[in-house]
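# Descriptive analysis of the structure
Residues per chain are reported as follows:
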Number of protein chains: 2
Amino acid sequence: MSVQLPIHQPGLALVRGPDHACAGDPAASHDKPLRVGDLARLTNKTVRALHLYEELQLLEPLERSKGGFRLYAGDSVTRVRFISKLQDLGFSLGDIREIVRSWSAAGSAPDAMARMRDLYRAKLEHTRAQVERLRALELELAASLSYLETCDTCDPNRLIASCCSCDKRATDEAAPELVAGLSAH
Amino acid sequence: MSVQLPIHQPGLALVRGPDHACAGDPAASHDKPLRVGDLARLTNKTVRALHLYEELQLLEPLERSKGGFRLYAGDSVTRVRFISKLQDLGFSLGDIREIVRSWSAAGSAPDAMARMRDLYRAKLEHTRAQVERLRALELELAASLSYLETCDTCDPNRLIASCCSCDKRATDEAAPELVAGLSAH
DNA sequence: CTGAAACCTCACGTTCGCGTAAGGGTCAGA
DNA sequence: TCTGACCCTTACGCGAACGTGAGGTTTCAG
């Protein structure tokens with residue numbers, strides 16, 4: 001058995017106050033460096049995942065120890081959480097690689113900002129649409145549930161095949177797709 | 001080049017009125033049968049996907065033509081859309097197989113209903129949580145965007161590395177993680 | 001009766017995001 | 001110095017959801 005399972009938090013207390021993990025922050029480098037296991041604990045990732053992010057050039061240790069151990073600065077926590085959030089937004093790791101590449105390859109600051117704005121604007125729209133779709137599904141789930149509620153009073157010997165055309169139900173009451181689909185071929 | 005790309009709708013007009021695709025509906029079987037390509041068009045899936053669903057026992061043609069062509073009834077559209085919605089809710093095809101198996105294997109109707117209710121209730125909670133997470137991300141995206149707006153007035157020669165500690169910005173204005181992460185290591 | 005479009009069954013290939021060994025070195029406290 | 005907890009690289013595996021031929025058959029409009 002290895003230690004690859006997401007490890008549960010030990011003494012967790014963020015290196016410094018939250019909401020203040022900006023890059024190039026001079027104070028960050030004065031802390032004792034994090035080893036990959038520490039970073040994994042702090043970000044709730046596995047060591048393997050962090051290695052992968054490095055392979056894909058999404059993450060890089062500040063330096064290596066004499067013996068080859070990866071040593072991270074405190075802002076790597078921000079970096080990893082940044083990666084996770086982009087993942088949650090629907091970006092693949094490859095997408096994220098392109099994003100950070102385009103960021104650091106930009107000629108000027110306003111140029112980089114403009115690209116990010118376009119990207120984030122598009123993703124914002126997409127995210128809103130996604131939320132709408134999920135909320136619609138949520139409503140349909142709720143409708144299906146209330147539809148199924150009425151079945152509590154049903155005769156236990158009744159056959160399942162007849163569920164969709166039940167005489168206990170008004171004929172104009174259509175079954176939601178999440179219920180109707182169960183008996184369709 | 002093959003014809004596996006999702007084909008755009010032709011004359012699409014659902015076989016009968018919408019919201020009325022209940023299983024065992026006698027009228028449905030009188031329509032001319034759908035072939036797999038038709039079903040693909042109507043559901044916006046590829047033929048290969050429908051074949052896969054059949055392999056996994058999620059979908060079954062009403063019958064086969066003399067020559068072996070799959071022939072579907074109208075309610076297969078409902079079935080496929082049902083599958084898609086469950087997928088959108090986060091169920092894998094394997095999960096869905098279990099769901100329909102458990103449905104048709106249930107002893108009695110109320111029994112089957114009860115299981116579905118439990119399942120749907122759990123998924124409803126999970127979906128609501130998912131919506132909340134997405135909405136939080138949406139807010140953060142919006143915050144990041146407005147943060148990036150202020151960069152429009154920036155000097156084009158300014159370096160990207162200094163973006164997070166910009167003198168044009170109040171020092172107490174922390175960068176959102178979606179921005180800060182870009183410059184973190 | 002034809003020909004093109006659509007269909008059939010294998011069966012291997014692909015992308016993603018890691019998991020899981022194997023076979024070693026390193027670090028830090030007692 | 002020892003030892004146990006961590007870390008290193010390399011590399012194969014996996015489950016999900018199809019994509020993509022290959023090689024051959026069936027339909028159906030004209």
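Please read these numbers as outputs of a predicted model, since none were measured by experiment.

## Things to note about the protein's contact with DNA strand D
The local shell around DNA strand D holds 22 residues, among which G37(A), R70(A), T46(B), G67(B) and L93(B) are the closest. Of all DNA strand D atoms lying within 4 Å of any protein atom, the proportion belonging to sugar or phosphate reaches 78%. In this structure, H51(A) approaches DNA strand D through a side-chain N or O atom, which is 3.0 Å from a phosphate oxygen. If you list the elements that add at least two residues to the surface near DNA strand D, you get α1 (36–43) of chain A together with α2 (47–55) of chain B. No other element matches α2(B), which puts 4 residues into the surface near DNA strand D. Here the surface near DNA strand D is built from residues that sort into 7 nonpolar, 9 polar and 6 charged.

## Looking at the confidence of the model for chain A
Per-residue pLDDT for chain A has a mean of 80; in total, 71% of the residues score no lower than 70. Low pLDDT (under 50) marks residues 1–29 of chain A, which in the prediction has 26 contacts with non-local residues, meaning those over four places away or in another chain.

## Some points on unusual backbone geometry
All names here are of chain A. Notably, N44 is not glycine yet its phi reads approximately 60 degrees, a positive angle. Tracing the sequence through the fold places N44 in the loop between α1 and α2 (47–55). For Q57, which is not glycine, the phi torsion reads 65 degrees and is therefore positive.

## Describing the sheet that holds strand β2 (residues 63–64) of chain A
Reading across the sheet, the 3 strands line up as β1-β3-β2 (chain A) and stay open at both edges, with antiparallel pairing between neighbours. The outermost strands of the open sheet, each flanked by one partner alone, are β1 (34–35) and β2 of chain A.

## Some details on the packing of aromatic side chains
Per the counting criterion, the structure on display carries 0 aromatic pairs over all chains. Here K123(A) stacks its cationic end above the ring of F91(A), 4.5 Å away from the centre of that ring.

## A closer look at helix α1 (residues 36–43) of chain B
Those residues of α1(B) that fall on the buried side of the exposure criterion are V36(B), G37(B), L39(B), A40(B) and T43(B). Seen end-on, α1(B) carries its buried residues on one side only, within an arc spanning 160 degrees.

## Side note on the packing of α1(B) against α2(B)
Residue and element names in this part refer to chain B. Across the interface, α1 lies against α2 with an axial gap of 9 Å and an inter-helix angle of 105 degrees. Compared by their axis directions, α1 and α2 come out roughly perpendicular. Facing V36, G37, L39 and A40 of α1, the residues of α2 in contact are V47, L50 and H51. Its residues placed into classes, the contact of α1 with α2 shows 5 nonpolar, 2 polar and no charged.

Parameters at a glance
- Residues numbered from 1 in each chain as written.
- Chains lettered and ligands numbered in written order.
- Predicted model: local features only at pLDDT ≥ 70, side-chain atom pairs only at ≥ 80, totals over all residues.
- Heavy atoms only, no water.
- Near = heavy atom within 4 Å.
- Polar contact = N/O pair within 3.5 Å; in protein donor to acceptor, adjacent residues only side chain to side chain.
- Helix = DSSP H or I, 4+ residues; strand = E, 2+ residues; numbered from the N terminus.
- Nonpolar A, V, L, I, M, F, W, Y, C, P; charged D, E, K, R; others polar.
- pLDDT = per-residue confidence, 0-100.
- Contact = heavy atoms within 4.5 Å.
- Pairing = 2+ DSSP bridges.
- Phe/Tyr/Trp six-rings, centres within 6.5 Å; stacked < 30°, edge-to-face > 60°.
- Lys NZ or Arg CZ within 6 Å of the ring centre and 35° of its normal.
- Buried < 20%, exposed > 50% of the residue type's maximum accessible area, 1.4 Å probe, protein only.
- Arc of directions from axis to C-beta.
- Axes fitted to C-alpha atoms, helices over the stretch in contact; angles between N-to-C directions.
- Parallel < 35°, antiparallel > 145°, perpendicular 65-115°, else oblique.

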